Amino acid sequence: MASDEASAPAADRIRVVGKWVGALEVDLGAWTVPMLREEVARRVGDGVEPDRVGLIFGGRVLKDDPPASLREAGLKGNAKVLCSLNSPDRAKEIAAEAAKAKAEEEHAARLVRLWDAAKALSQRHTDGSFLEDEDYNLDLEDQSGQKVMFGSVEDMKALKMALMLHQKGKTQMKKKMYKEALDVLTMAEEAFSLCDSKLIEKVDNVPMLQLDIVWCYFVLRDVSCLEVAGTRLEKARVGFERSHGKDSSRFRVLQAGRQADLAIYVRLELLEGVVAYYNGHAEKARGSLTSAQAKYLQLQVPDEAISMLMDMGYEARSAKRALKMTGYDIQSSVDLLCEEREKKIRRREEDRERQREILEQMRYGRTPTNKAVDLQKLKGLTTIGFEKYLAAEALRINENDAEKALDLLTNPEQNCILQSKIQAKRSRASRGIGAGSSSSRAAAARTAPINNSQASVSAPSHAVDGNAPPHARDGNPPEGNDADGNLPEGNDADGNPLEGNDAQLLDSEEAMINEETANEDEETANEDVDMTDEVAVVDERSNSNPVPARDVSMESELAHDLTGDALDDYDIDVSDEGQAIAEYLSLLESAATASS
């Protein structure tokens, strides 16, 4: 017993005053603030909860988070601690305030991560930077699916960033997360402001963003934003008219007479009517709401028409969307559905080809500034007779400068030095030094199944306007994929069930591509092995510009949110708008009756 007592650590004494007065024997190195709070609550008695006890030492409040020992909190032997007792309601209030502050802090941190991830993606997928673990690509496309070169490089970066953030905000709106969406949409607006204003005037992405922001105001019932809401709606109206033409005449021509934008104008005119109502302009509000109601009624699709398309094998949601955009015309709806099916097939083919290119670029390694070898310039050099691996290395070390690469290749002395260098690296690789991991990585990538997931931000404007949604071939499995990351049978690239004929055609198309791929792999197996040996050693790991740290989860989240659907912005469920139109028309009628 005497031995045990001698080995036990000596207790320190602290004095407690206030609601409870007394001395406590504590181990300053082992006791924490929550433990002290609990002990004081026990001494106070009457079933007092520990979270009601406030502790003050040295003029500051002792907090539980982060957990720390009393010594780390600054207490010493004979320290004096003041304890107070909060009312139950006050304790809950303090806890709620702390939780709110923590949530706001986490939200702010997430917004910073979101901005940085969007900036990193737009930077990397515009200037050709190369990362080995990426198997997707981000491009700007017009509504017809054609790639667009939009202004300067800086404009393209800003535009991609803005469109990714806008799409993220729209995804949150669909999940009814309007407050969070509003913050992200505001960031998208800031990103759009970095673009040349003359360029973004050609597309309706910006007016669509203004409309989405005001819709968030409306759903959140933020009456304080009425004045700025009116300004935003004016900008949206002008932007739509500039892009779509007067009374959407230009849009109708480019859309083959379809009225895909009708739902947008239902929302726009509803919001214009609401702003006019709260500003006391009853007649203006009535005119806007009545016009919105007429358009809303045009979007009510008869069940019989949906049934007819479903009998043809189309899924209900796709059939309804096509009918809304074609004014219930059955033949036009079928034509639209066929066009969408062809776009899906074409995208699948483009995805496969792009992923093959990415795998090829992985084998050639990175330039000193972490960019991939330009395959178009490589093709140009191989066309005039240079060996592929040699031309790739010449481009790599010259930062894809084709003229410098050509000068190197046509200089006998430098060409010989380059070949000797590659041969030496190949020899080291054959002994398993340095580049073995690169070789195995390339081989694994070549044998892995190609993931067909894809996404593009639908920035609804027109091909001739240079409309530019980014298209991301995302290597991360979207919702609806199986455990291996492959699309379930019968699903399209977005994870949605395919309709009737679509499923059959896509199945046959995929079987054909798989067979072609298998044949190509068999024919080039030996060539690929040789190429892997040759170029794996080319990838020097001593680049002067190391790859910056990535926020992989946030980048993947942004890529996953891209829809790949050019008509997604137009596909608005206007049921909420219909209820709001009826509500405000009723308010106007009540006000008119009361005044009479």
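Details of the structure are given in the entry above.
From a predicted model like this one, the values you see are computed outputs, not experimental measurements.

Engineer: Tell me about the packing of helix α12 (residues 303–311) against helix α13 (residues 316–326), residues and numbers included.
Structural biologist: Put simply, α12 and α13 touch, their axes get as near as 9 Å, and they point 125° apart. One element, α12, and the other, α13, form an angle in the oblique class. Considering how the two elements wind past one another, α12 and α13 form a crossing that is right-handed. Note on element contacts: α13 touches α12 through A316, A319, K320 and L323, opposite A305, I306, L309 and M310.

Engineer: Describe the pairing of strand β3 (residues 53–57), listing the residues and the values that go with them.
Structural biologist: Among the 5 residues in β3, 4 count as buried, and that is most of the element. As judged from the 4 bridges shared by β3 and strand β5 (residues 80–85), these two strands associate in the antiparallel manner. The residue bridging G54 from the neighbouring strand is S84, located in β5. Strand direction decides the pairing type here: β3 and strand β4 (residues 60–61), joined by 2 bridges, are antiparallel. For F57, the partnering residue across the bridge sits in β4 and is R60.

Engineer: Give a description of the packing of helix α10 (residues 262–278) against helix α11 (residues 282–298) that names residues and reports values.
Structural biologist: Describing two packed helices takes the angle between their axes plus the distance from one axis to the other. Put simply, α10 and α11 touch, their axes get as near as 8 Å, and they point 155° apart. Taken together, the axes of α10 and α11 are roughly antiparallel relative to one another. Crossing of α10 against α11: the hand is left-handed. Mapping the contact onto sequence places L262, Y265, V266, E269, L270, E272, G273, A276 and Y277 in α10 and K284, A285, S288, L289, S291, A292, K295, Y296 and Q298 in α11. Broken down by class, the residue content of the contact of α10 with α11 amounts to 10 nonpolar, 4 polar and 4 charged.

Engineer: Can you tell me about empty space enclosed by the protein, naming the residues and giving the values?
Structural biologist: Tallied over the full model, the rule gives 2 cavities of 30 Å³ or more. In this model, the largest cavity occupies a volume close to 50 Å³. If you trace the largest cavity, you find it lined by Q259, A260, L262, A263, L299, K324, M325, Y570 and I572. Where the lining of the largest cavity is concerned, the elements lending two or more residues are α10 and α13.

Engineer: Before we move on, can you summarise the nonpolar core with the specific residues and values?
Structural biologist: L165, F192 and F240 are the most contacted members of the largest nonpolar core, which totals 85 residues. The element that contributes the greatest number of residues to this core is α10, accounting for 11 residues. With 22 residues, the next largest nonpolar core counts V33, V40, V48 and A73 among its residues.

Engineer: Quick rundown of unusual backbone geometry? Include the residues and the values.
Structural biologist: The phi dihedral of N78 is positive, around 65°, even though this residue is not glycine. Within the secondary structure, N78 is located in the loop between β4 and β5. With a phi close to 55°, R221 is a non-glycine residue in the positive phi region. Tracing the chain through its elements places R221 in the loop between α7 (205–219) and α8 (226–244).

What counts and what doesn't
- Residues numbered from 1 in each chain as written.
- Predicted model: local features only at pLDDT ≥ 70, side-chain atom pairs only at ≥ 80, totals over all residues.
- Heavy atoms only, no water.
- Axes fitted to C-alpha atoms, helices over the stretch in contact; angles between N-to-C directions.
- Helix = DSSP H or I, 4+ residues; strand = E, 2+ residues; numbered from the N terminus.
- Parallel < 35°, antiparallel > 145°, perpendicular 65-115°, else oblique.
- Left-handed = near helix turned anticlockwise from the far one by under 90°.
- Contact = heavy atoms within 4.5 Å.
- Buried < 20%, exposed > 50% of the residue type's maximum accessible area, 1.4 Å probe, protein only.
- Pairing = 2+ DSSP bridges.
- Nonpolar A, V, L, I, M, F, W, Y, C, P; charged D, E, K, R; others polar.
- 1 Å grid on protein atoms, 1.4 Å probe; cavity = no way out; pocket = protein on both sides within 12 Å on 5 of 7 lines; lining within 4 Å.
- Points joined across faces, edges and corners; volume = space filled by probe spheres on them.
- Core = buried A, V, L, I, M, F, W, Y, C linked by side-chain atoms within 4.5 Å.

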